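Residues per chain, in single letters:
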Amino acid sequence: GTTVEAPYTILNGPSTNIWASCKMEMLHWIPNEIIIQCGTLDKKMGILKTDNILFEAEGLASAAATITITPTNITIEGEGTFNEGFFAFKVLEMDKFNKRFSAPSDTTFDMKLNLTLGQTAEFRWPSANSSLFKTYLPTMTPLTVTVDSEGESFSIKGDAKMRGGEIFYLKHNFYIRE
């Protein structure tokens, strides 16, 4: 087979610089394996703003990841840090996600990310815009976020120290002190 490579490249962004490299193994004229390595340069934090089907976040982030794509599997592995902003898992959208992606597929998806949350990383539940619960969740050790499509599992494992917060219920705010 033939190998096509994009060497280590630095992309200059408005808030941080990103590095990336790519290697693609070809089987005849068809890509058989693609490996993308990327991240923020020197782990410097950059502005993150995302709103997708299951996750919303605004804040500062740094990361390093390897994405491997084959005809039968997509795998993401890496580590990241998030701080000075908010994040929310869209638990109210899980049914839409399952309906859209639960169809049988020949391609599996696996992910293992180690995430560190800083002192000012705010968790909002059940969504970013209509939160019943808000709290700061710094981590002493990274949280491990794992997706195993063959085992049909999603997990977040680790310890986070809740540093106060707020519960909004029936037009009243209740404050949680550290």
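Provided above is the structure to which this section pertains.
Residues numbered from 1 in each chain as written. Predicted model: local features only at pLDDT ≥ 70, side-chain atom pairs only at ≥ 80, totals over all residues. Heavy atoms only, no water.

## Let's talk about the nonpolar core
Grouped together as the largest cluster of nonpolar side chains are nine residues: Ala57, Ala61, Phe82, Phe87, Leu117, Ala121, Phe123, Leu137 and Leu143. Only strand E5 (55-69), strand E6 (73-89) and strand E8 (121-125) provide two or more residues apiece to this core. Here Leu137 is in contact with Leu117, Ala121, Phe123, Ala160, Lys161 and Met162, once residues within four sequence places are set aside. (Core = buried A, V, L, I, M, F, W, Y, C linked by side-chain atoms within 4.5 Å. Buried < 20%, exposed > 50% of the residue type's maximum accessible area, 1.4 Å probe, protein only. Helix = DSSP H or I, 4+ residues; strand = E, 2+ residues; numbered from the N terminus. Contact = heavy atoms within 4.5 Å.)

## Remarks on the pattern of salt bridges
Tallied over the full model, the rule gives five salt bridges. Lys43 is the salt-bridge partner of Glu79, the closest N and O atoms lying 3.0 Å from each other. One end of the pair, Glu79, is in strand E6; the other, Lys43, is in the loop between strand E3 (30-40) and strand E4 (46-51), and 36 residues separate them in sequence. Among the residues examined, Glu79 registers a relative accessible area of 40% and is labelled partly exposed. With a shortest N-O distance of 4.0 Å, Lys49 and Glu58 are connected by a salt bridge. (Salt bridge = Lys/Arg side-chain N within 4 Å of Asp/Glu carboxyl O.)

## What to know about unusual backbone geometry
Here the residue pair Trp125 and Pro126 is connected by a cis peptide bond, since its omega of 5° sits within 30 degrees of zero. Within the secondary structure, Pro126 sits in the loop between E8 and strand E9 (133-136). Of note in the backbone geometry, His28 takes a positive phi value of approximately 65° without being a glycine. Although it is not a glycine, Glu84 adopts a positive phi angle of roughly 50°. Locating Glu84 in the fold gives a position in strand E6. Looking at Glu84, the relative accessible area reads 53%, which means it is exposed.

## Topic: a nonpolar patch on the surface
On the surface, a cluster of nonpolar side chains totalling about 540 Å² of accessible area is made up of Val91, Leu92, Met94, Trp125, Leu132 and Phe168. Relative to the helices and strands, Phe168 is located in strand E12 (residues 165-169). (Patch = residues over 30% accessible without salt bridge, like charges linked within 9 Å, V, L, I, M, F, W, Y side chains within 5 Å. Areas by Shrake-Rupley, 256 points an atom, 1.4 Å probe, with all protein chains shown as cover.)

## Things to note about the side chain of Thr40
Summarising the element assignment, Thr40 is placed in strand E3. In this structure Thr40 comes out as buried when scored by relative accessible area, which is 13%. With residues near it in sequence (within four places) discarded, Thr40 still touches Thr16, Asn17, Ile18, Trp19, Ala61, Ser62 and Ala63.

## Focus on the pairing of E4
Pairing of E4 with E5 involves six bridges; the strand directions are antiparallel. Paired with Gly46 across the strands is Ala61, a residue of E5. Between E4 and the antiparallel strand that follows it, E5, lie three residues. (Pairing = 2+ DSSP bridges.)

Any link to function would need more than the numbers given here.
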